[in-house]
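As a plain string of letters, each chain reads:
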Amino acid sequence: MHGNIVPWVWLVAGIIFMAFAFVVAFGAPYVPTIKSHVPQALTLLGIKQGQTMLELGCGDGRLLIAAAEKGINAVGYEINPLLAFYAFMRTRRYGGRVRVVWGNYWTKSWPPADGIFVFLLQSYMKRLDKKITQEYSHSVKLVSFAFRIPGKQIAAEQAGLYLYKYNQKPKM
């Protein structure tokens, strides 16, 4: 009996490993957002109740939940099917305020948003800059954890979080 269990354990372990390992090819490994960074990220984004935030690589949904609790609409993209399901289960109580999208955010068209949060590896930051420029003609803010966009001016910085502004209208 035990001889039949061992192959299944290895199969399940292999599936879980692949679900977490392959995502590095698309942006970054799963690392939960540090609890103290959640309110800091939302403050830097400056998103108000009723506005929309995207999280590219939403992991366990921690930031989506914090946004929803502030009355912010949140859309999280997650390519790892296990994490997408977990984030969906954690956020379903917020109804229409939170949506978790299972899939690759690089290949999807993004909904209108006022702010974006991301934790990507440095090698993807130029690609992200290009994608935001292609997706949005209106003003949008980006907060990136740990990694900077080469050649783009940082609007604000706090505890390893970098704020970037796109298509901002000059103040009169």
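This text follows the structure it describes.
Please read all numbers here as calculations on a predicted model, not as lab measurements.

Draft legend 1. Quick peek at the packing of aromatic side chains. One pass over the structure, following the stated rule, counts five aromatic pairs. Residues W110 and Y136 carry aromatic rings whose centres are separated by 6.3 Å and whose planes lie at 40 degrees to one another, so their mutual orientation is tilted. Remark: Y136 occurs in the loop between α5 (125-135) and β5 (140-145) and W110 occurs in the loop between β3 (98-102) and β4 (115-118); sequence separation between them is 26 residues. Ring geometry for F119 versus F145: centroids 5.2 Å apart, planes at 65 degrees, classification edge-to-face. Here F145 lies in strand β5 and F119 lies in the loop between β4 and α5, a separation of 26 residues in the sequence. Accessibility expressed as a relative area gives 22% for F119, which makes it partly exposed.

Draft legend 2. Highlighting unusual backbone geometry. For A146, which is not a glycine, the phi torsion comes out positive at approximately 80 degrees. Residue position: A146 is located in the loop between β5 and β6 (156-158). A relative accessible area of 35% places A146 in the partly exposed class. Although it is not a glycine, A159 sits at a positive phi angle of roughly 50 degrees. In this structure, A159 sits in the loop between β6 and β7 (161-166). For A159, a relative accessible area of 46% translates into the label partly exposed.

Draft legend 3. Fine view of the environment of I132. Mapped onto the fold, I132 is located in helix α5. Its relative accessible area of 1% is what places I132 among the buried residues. Remark: the alpha-carbon pair of I132 and W110, spanning 22 residues in sequence, is separated by 9.1 Å. Among residues more than four places away in sequence, those in contact with I132 are W110, I116, V140, L142 and Y166.

Draft legend 4. The pairing of strand β2 (residues 73-78), seen in detail. Burial analysis of β2 places five of its six residues in the buried class, the great majority of the element. Bridging between strand β1 (residues 52-56) and β2 involves five bridges; their strand directions are parallel. Directly across from L54, in β2, lies its bridge partner V75. For the segment spanning β1, helix α3 (residues 62-69) and β2, crossover handedness is right-handed. Direction of pairing for β2 relative to β3: parallel, over a ladder of five bridges. Residue pairing across strands places Y77 opposite V101, the latter belonging to β3.

Reading guide: rules and limits
- Residues numbered from 1 in each chain as written.
- Predicted model: local features only at pLDDT ≥ 70, side-chain atom pairs only at ≥ 80, totals over all residues.
- Heavy atoms only, no water.
- Phe/Tyr/Trp six-rings, centres within 6.5 Å; stacked < 30°, edge-to-face > 60°.
- Helix = DSSP H or I, 4+ residues; strand = E, 2+ residues; numbered from the N terminus.
- Buried < 20%, exposed > 50% of the residue type's maximum accessible area, 1.4 Å probe, protein only.
- Contact = heavy atoms within 4.5 Å.
- Pairing = 2+ DSSP bridges.
- Right-handed = clockwise from strand over helix to strand, strands pointing away.

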